[in-house]
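Chain by chain, the residues:
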Amino acid sequence: MDESHKKAQATRERNLAAQAALSEERVSSKRAARLALQRVTENPDATPAELLEAARLLAELTH
């Protein structure tokens, strides 16, 4: 391979690694948000408005 092909291949590999890292970060963020919202829905002291909002946000996360 010539130098330009090597650079292009390296760029593709970096881009794929960056995309994978971003995807993992999104999954982790969604998981953390889902857990936090589930804690709200399980909290016996949560107000009806808090429960409704938590349920709405959970529904958004799953779609």
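Small disclaimer: the values here were computed from a predicted structure and weren't measured.

Quick notes on the rules
Residues numbered from 1 in each chain as written. Predicted model: local features only at pLDDT ≥ 70, side-chain atom pairs only at ≥ 80, totals over all residues. Heavy atoms only, no water. Helix = DSSP H or I, 4+ residues; strand = E, 2+ residues; numbered from the N terminus. Rg over C-alpha atoms; globule rule 2.2 N^0.38 Å. Buried < 20%, exposed > 50% of the residue type's maximum accessible area, 1.4 Å probe, protein only. Areas by Shrake-Rupley, 256 points an atom, 1.4 Å probe, with all protein chains shown as cover. Lys, Arg positive; Asp, Glu negative; His and termini not counted. Charge placed at Lys NZ, Arg CZ, Asp CG, Glu CD. Polar contact = N/O pair within 3.5 Å; in protein donor to acceptor, adjacent residues only side chain to side chain. Salt bridge = Lys/Arg side-chain N within 4 Å of Asp/Glu carboxyl O. Axes fitted to C-alpha atoms, helices over the stretch in contact; angles between N-to-C directions. Parallel < 35°, antiparallel > 145°, perpendicular 65-115°, else oblique. Left-handed = near helix turned anticlockwise from the far one by under 90°. Contact = heavy atoms within 4.5 Å. Nonpolar A, V, L, I, M, F, W, Y, C, P; charged D, E, K, R; others polar.

Another point: the overall build of the protein. Along the protein, the regular secondary structure elements total 2 helices and 0 strands. On C-alpha atoms alone, the protein measures out to a radius of gyration of 20 Å, which is more than a quarter above the 11 Å that the 2.2 N^0.38 rule sets for 63 residues. By principal-axis analysis of the C-alpha atoms, the protein measures approximately 65 × 15 × 10 Å. The proportion of buried residues among the 63 residues of the protein is 6%. Surface accessibility of the protein: about 5300 Å² in total, with carbon and sulfur atoms responsible for 58%. In the protein, 10 positive and 10 negative side-chain charges are present, and the distance between their average locations comes to 8 Å.

For the rest of this paragraph, the subject is the environment of Arg12. Residue position: Arg12 is located in helix α1 (residues 3-42). Separated by 3.0 Å, the side chains of Arg12 and Gln9 make a polar contact.

In this structure, Asp2 sits in the segment before α1. The exposure class assigned to Asp2 is partly exposed, which follows from its relative accessible area of 41%. Separated by 3.1 Å, the side chains of Asp2 and Ser4 make a polar contact.

This part covers the pattern of salt bridges. Using the criterion set out here, one finds 2 salt bridges in the structure. Salt-bridge contacts for Glu53 lead to Arg56; the nearest nitrogen and oxygen are separated by 2.6 Å. Highlighted residues: Glu53 and Arg56, both in helix α2 (residues 48-62), separated by 3 residues, approximately one helical turn. Since its relative accessible area comes to 40%, Arg56 is described here as partly exposed. Residues Arg56 and Glu60 are paired through a salt bridge, measuring 2.4 Å at the closest nitrogen-oxygen approach. Within this pair, Arg56 and its partner Glu60 are both found in helix α2, separated by 4 residues, close to a single helical turn.

In this section: the packing of α1 against α2. The relative placement of two packed helices is expressed as an angle between their axes plus a distance between the axes. Close contact between α1 and α2 brings their axes to 9 Å; oriented N to C, the two are set at 150°. Relative to α2, the element α1 lies roughly antiparallel. Note on packing geometry: the crossing formed by α1 with α2 is left-handed. Of the residues in α2, those touching α1 at Lys30, Ala33, Arg34, Leu37, Gln38, Val40 and Thr41 are Glu50, Leu51, Ala54, Ala55, Leu57, Leu58 and Leu61. Its residues assigned to classes, the contact of α1 with α2 comprises 9 nonpolar, 2 polar and 3 charged.

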